[in-house]
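Structural features, examined
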Amino acid sequence: MEDEFTKDEQRATRDEDGNTYYVPADMTYKNWKKNIDNGFNFEQKIKISKNINEEQLFRPVNLDKNNVFESNRGDVNILAYKIINAKNNIYVSNGVRLKPKELHKIDLSITQSLEKLKIVNFDNLPTVVIIDSSEIQTGTMASYNAIKNKLYIDKAIGNKVKLLELQRDAASPKNVLSTYVHEYIHWMDAQSYIIGHGEIIDSKEYLYWIRHKSRKKIDELINKGYNINKISNYANNEYAKGKYDEMYTEYRVKKLLGE
Ligand SMILES: [Zn+2]
């Protein structure tokens, strides 16, 4: 009875990577497998199985309830659990109901951003904490905390439409990796500080260092005739507030990802 589904069997199958897929009720396993073997990618696998709930294609979000992470953002207390079935080191706040598809998008975007940035040393990568918009407070969709080495991200960016809407004023606004790459550049800057100065204990000291350094880089760009006003609206707003590190981060996003 190989390669064939019985009528009332749950029509689920696993590929070599252990991913579970659901086969449409009216399709034989052999036909489905043939399509997959003919080079359909993951998105196309979804299309093949479109008569079932798309969410079922993704592995459920599994939490390790013994691996708890507690933190404060402003006056909000966040309790987050480690996600077992994510490739990256991700926690999710207990105030968030994360859908499997959202986790998949976030996890994949992190992996792709690390690749884009050619990050090969994973030793001190930040812990990612998925939180709710009400918990992030700063009005942004993502925020890197250099002292804690935590990357907080709003659950909303697991949805492509919302992500593109939220990052419309950022550099490379149409690229789904823009926000992630931006945050990981902040992380990379923190790593170069740590190499030269040791652990980041005082955020003011770190910010002084990174802003001073970023301002010099921006001045170099201006001297070369580069129009810094065209990087992004966000970069311009932050520059006006003296947050040169934000503009230089945006410049690097644009350089890496394009328009
Ligand atoms: Zn930033």
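Here the structure is shown first, and the text comes after it.
Residues numbered from 1 in each chain as written. Predicted model: local features only at pLDDT ≥ 70, side-chain atom pairs only at ≥ 80, totals over all residues. Heavy atoms only, no water.

**What to know about the overall build of the protein chain**
What counts, and what does not: Secondary structure is summarised from DSSP: a helix means a run of H or I of at least four residues, a strand means a run of E of at least two, and numbering begins at the N terminus for each. Only protein chains enter the accessibility calculation, which uses a 1.4 Å probe. A residue is then buried if its area is under 20% of the maximum for its type, exposed if over 50%, and partly exposed in between. In this description, accessible areas are obtained by the Shrake-Rupley approach with a 1.4 Å probe, and a residue is regarded as covered only by the protein chains that are shown.
Looking only at helices and strands, the protein chain features nine helices and eight strands. The buried share among the 259 residues of the protein chain stands at 44%. Just so you have it, the protein chain exposes about 14,900 Å², and 48% of that area is on carbon and sulfur atoms.

**What about the coordination of the zinc ion?**
Stated precisely, the cut-off is as follows: Shown as donors are all N, O and S atoms within 2.8 Å of a metal ion, widened to 3.2 Å for Na, K and Ca; because water is not in the atom set, sites may appear incomplete. The geometry test gives tetrahedral to four donors whose angles all lie between 85 and 135 degrees, gives square planar to four donors and octahedral to six donors whose opposite members are over 155 degrees apart with all other angles between 65 and 115, and gives irregular to the rest.
For the zinc ion, the protein coordination sphere consists of His182 (NE2), His186 (NE2), Glu246 (OE) and Glu246 (OE), at 2.1 to 2.6 Å. Taken together, the four donor atoms coordinating the zinc ion span angles of 54 to 138 degrees at the metal, a pattern that classifies the geometry as irregular. Binding-site remark: the zinc ion is held by donors from one chain whose sequence spacing is H-x3-H-x59-E. Taken together, the positions of His182 and His186, both in helix 6 (residues 178–197) and four residues apart, correspond to about one turn of that helix. Side by side, His182 and His186 carry an identical accessibility label, which is buried.

**What about helix 9 (residues 244–257)?**
Cut-off, in case you're wondering: What a helix is expected to span follows from its residue count: subtract one and scale by 1.5 Å.
With 14 residues, helix 9 should cover 20 Å at 1.5 Å per step; its first-to-last C-alpha distance of 20 Å lies within 8% of that length. Taken together, the buried positions of helix 9 are Tyr244, Asp245, Glu246, Met247, Tyr248, Thr249, Glu250, Tyr251, Val253, Lys254 and Leu257. Two residues or fewer after helix 9 comes Gly258, characterised by a positive phi angle close to 80 degrees.

**Here we look at the pairing of strand 7 (residues 142–145)**
Across a regular strand the side chains alternate sides, sitting on one face of the sheet and then on the other. Put simply, the test is: For two strands to pair, DSSP has to find at least two bridges joining them.
In this structure, strand 7 lies alongside strand 8 (residues 150–154), joined through four bridges in antiparallel fashion. Among the inter-strand pairings, Tyr144 is bridged to a residue of strand 8, identified as Leu151.

**Digging into the environment of Ile200**
Put simply, the rule reads: Pairs of residues are marked as contacts when any of their non-hydrogen atoms sit within 4.5 Å.
With respect to the helices, strands and loops of the structure, Ile200 is situated in the loop between helix 6 and helix 7 (203–223). For the pair Ile200 and Lys148, spaced 52 residues apart in the sequence, the C-alpha separation amounts to 8.8 Å. Residues within four places of Ile200 in sequence aside, it is in contact with Ala146, Ile147, Ala190, Tyr193, Ile194 and Tyr206.

**Quick notes on unusual backbone geometry**
One non-glycine residue with positive phi stands out, namely Lys118, at about 55 degrees. On the secondary structure map, Lys118 appears in the loop between helix 3 (100–116) and strand 6 (127–131). For Lys118, a relative accessible area of 70% puts it in the exposed group. A positive phi angle, close to 45 degrees, is found at Ser172, a residue other than glycine. Looking at the secondary structure, you find Ser172 in the loop between helix 5 (160–166) and helix 6.

**What to know about the packing of aromatic side chains**
Operational definition: Each Phe, Tyr or Trp ring, with Trp reduced to its six-membered ring, pairs with another whose centre is within 6.5 Å; inter-plane angles below 30 degrees give stacked pairs, above 60 give edge-to-face pairs, and intermediate values give tilted ones. Only when the NZ of Lys or the CZ of Arg is both within 6 Å of the ring centre and within 35 degrees of the ring normal is a charge said to sit over the ring.
All told, the structure shown has seven aromatic pairs when counted by the stated rule. By way of ring pairs, the aromatic residues Tyr193, Tyr206 and Trp209 are connected into one cluster. The residue whose ring lies beneath Lys65 is Tyr81, and the NZ or CZ to ring-centre distance is 4.4 Å.

**Re the packing of helix 6 against helix 7**
Let me state the cut-off plainly: Orientation is described by axes fitted as lines to C-alpha atoms, over the contacting stretch for helices, and by angles from 0 to 180 degrees between their N-to-C directions. By definition in this entry, angles of less than 35 degrees are roughly parallel, angles greater than 145 are roughly antiparallel, angles of 65 to 115 are roughly perpendicular, and the rest are oblique. In the scheme used here, Gly and all other residues not listed as nonpolar or charged are polar, with Ala, Val, Leu, Ile, Met, Phe, Trp, Tyr, Cys and Pro taken as nonpolar and Asp, Glu, Lys and Arg as charged.
In the contact formed by helix 6 and helix 7, the axes pass within 11 Å of each other and the chain directions differ by 110 degrees. Accordingly, the angle class assigned to the pair helix 6 and helix 7 is roughly perpendicular. Listed contacts from helix 7 to His186, Asp189, Ala190, Ser192, Tyr193 and His197 of helix 6 are Glu205, Tyr206, Trp209, Ile210 and Lys213. Class assignment of the residues belonging to the contact of helix 6 with helix 7 gives a composition of five nonpolar, three polar and three charged.

**Overview of the pattern of salt bridges**
Stated formally: By definition, a salt bridge exists where a carboxyl oxygen of Asp or Glu is found within 4 Å of a side-chain nitrogen of Lys or Arg.
Enumeration over the complete set of coordinates arrives at seven salt bridges. Across the pair Asp189 and Arg252 runs a salt bridge, and its minimum N-O distance is 2.8 Å. Residue Asp189 is found in helix 6, and its partner Arg252 is found in helix 9; the two are separated by 63 residues along the sequence. A salt bridge links Lys243 to Glu238, with the nearest nitrogen and oxygen atoms 3.9 Å apart. Judged by its relative accessible area of 28%, Lys243 falls in the partly exposed class.

**Notes on the environment of Leu177**
With respect to the element layout, Leu177 can be found in the loop between helix 5 and helix 6. Note on Leu177: relative accessible area 6%, which makes it buried. Sequence-distant contacts of Leu177, that is, excluding residues within four places in its chain, are made with Ser109, Gln112, Ser113, Lys116 and Leu257.

**Quick word on the side chain of Ser178**
Quick reminder of the rule: Distance and chemistry together define a polar contact, namely a pair of N or O atoms within 3.5 Å, with one atom able to donate a hydrogen and the other to accept it when in protein, and with adjacent residues in sequence counting only for side-chain atoms on both sides.
Mapped onto the secondary structure, Ser178 falls in helix 6. A polar contact is formed between the side chain of Ser178 and the backbone oxygen of Ala171, at a distance of 2.6 Å.

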